[in-house]
Amino acid sequence: MNIDELKVLSDDAIIEKVAVEVMGWRTRKSKTCKWCIIFQAEDDELGYCKLCRLPSCYWNPLTDWNHTMEVVARLKKKGIDFAFASYELEPPYTATFNISRDSLVSDANPRRAICFAALRAVSFIPV
Ligand SMILES: [Zn+2]
């Protein structure tokens with residue numbers, strides 16, 4: 001997906017895409033709530049839901065810097081380095097991964113800029 005296609009996605013869709021395409025997690029739906037998405041991480045079950053806000057397992061790299069940095073660490077492990085800057089421009093936050101200049105993304109939310117850059121970056125990893 002190019003950046004214009006990514007920027008129109010809902011938060012739910014962005015979070016699920018990052019979980020699957022960057023973190024490499026499998027996802028499944030909850031049996032009890034149609035909004036819940038459960039992520040099967042390596043040694044943990046995490047989730048996202050715009051209604052339930054699952055307290056112990058809530059994973060949202062768009063709002064929680066700890067989760068955003070897990071995304072950065074995941075790509076770093078594959079040898080893909082990260083750069084981040086803030087400018088007196090609108091939008092102010094710019095993130096990029098060194099795999100391609102086309103992963104450079106700016107956004108008003110720094111965590112969102114990083115998630116978009118990560119989604120762009122994985123599209124350049126040779127399969
Ligand atoms: Zn739910």
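This report concerns the structure included in the present document. The model shown is predicted, which means the values in this text are computed figures rather than measured ones.

**Focus on helix 3 (residues 65–77)**
When the terminal C-alpha atoms of helix 3 are compared, their 18 Å separation across 13 residues agrees well with the 18 Å that a helix rising 1.5 Å per residue should span. By the burial criterion, the buried members of helix 3 are H67, T68, V71, V72 and L75. Viewed along the axis of helix 3, the buried residues span an arc of 150°, placing them on a single side of the element. Summarising the geometry of helix 3, the exposed residues directed more than 90 degrees from the buried face are N66, A73 and K77. Check the buried side of helix 3 and you find it contacts helix 2 (11–22), strand 4 (82–86), strand 5 (93–97) and helix 4 (110–122). Residue G79 follows helix 3 closely and has a positive phi angle near 85°.

**Overview of unusual backbone geometry**
Along the chain, E90 connects to P91 via a cis peptide bond; the corresponding omega equals 0°. Mapping P91 onto the fold places it in the loop between strand 4 and strand 5.

**Some thoughts on helix 2**
For helix 2, built from 12 residues, the straight-helix expectation of 16 Å at 1.5 Å per residue is met to within 8% by its first-to-last C-alpha distance of 16 Å. Residues of helix 2 that are buried include every one of I15, V18, A19 and V22, and no others. Along the axis of helix 2, the buried residues cluster in a sector spanning 115°; they form a single face. Among the structural elements, strand 1 (26–29), strand 2 (37–40), strand 3 (45–48), helix 3 and helix 4 are those in contact with the buried residues of helix 2. Just downstream of helix 2, G24 is the residue with a positive phi angle, here 75°.

**A word on the nonpolar core**
Counting 27 residues, the largest nonpolar core has V18, V22, V71, I114, A117 and A118 as its most contacted members. At the level of elements, helix 2, strand 2, strand 3, helix 3, strand 5 and helix 4 are the ones that each hand at least two residues to this core. Here this core takes nine residues from helix 4, the largest share from any one element. Sequence-distant contacts of V22, defined by excluding residues within four places in its chain, comprise V71, R74, L75, A118, L119 and V122.

**Section: the sheet that holds strand 4**
Two orientations exist for strands paired in a sheet by backbone hydrogen bonds: parallel and antiparallel. The strand order 4-5-6 describes an open sheet built from three strands, whose pairing is antiparallel. On the outer flanks of this sheet lie strand 4 and strand 6 (105–107), each paired with one strand and no other. Put simply, the sheet's adjacent strands are angled 20° from each other on average, direction ignored.

Analysis parameters
Residues numbered from 1 in each chain as written. Predicted model: local features only at pLDDT ≥ 70, side-chain atom pairs only at ≥ 80, totals over all residues. Helix = DSSP H or I, 4+ residues; strand = E, 2+ residues; numbered from the N terminus. Expected span 1.5 Å × (residues − 1). Buried ≥ 20, exposed ≤ 12 C-beta atoms within 10 Å, placed from the backbone. Arc of directions from axis to C-beta. Contact = placed C-beta atoms within 7 Å. Core = buried A, V, L, I, M, F, W, Y, C linked by C-beta atoms within 7 Å. Pairing = 2+ DSSP bridges. Axes fitted to C-alpha atoms, helices over the stretch in contact; angles between N-to-C directions.

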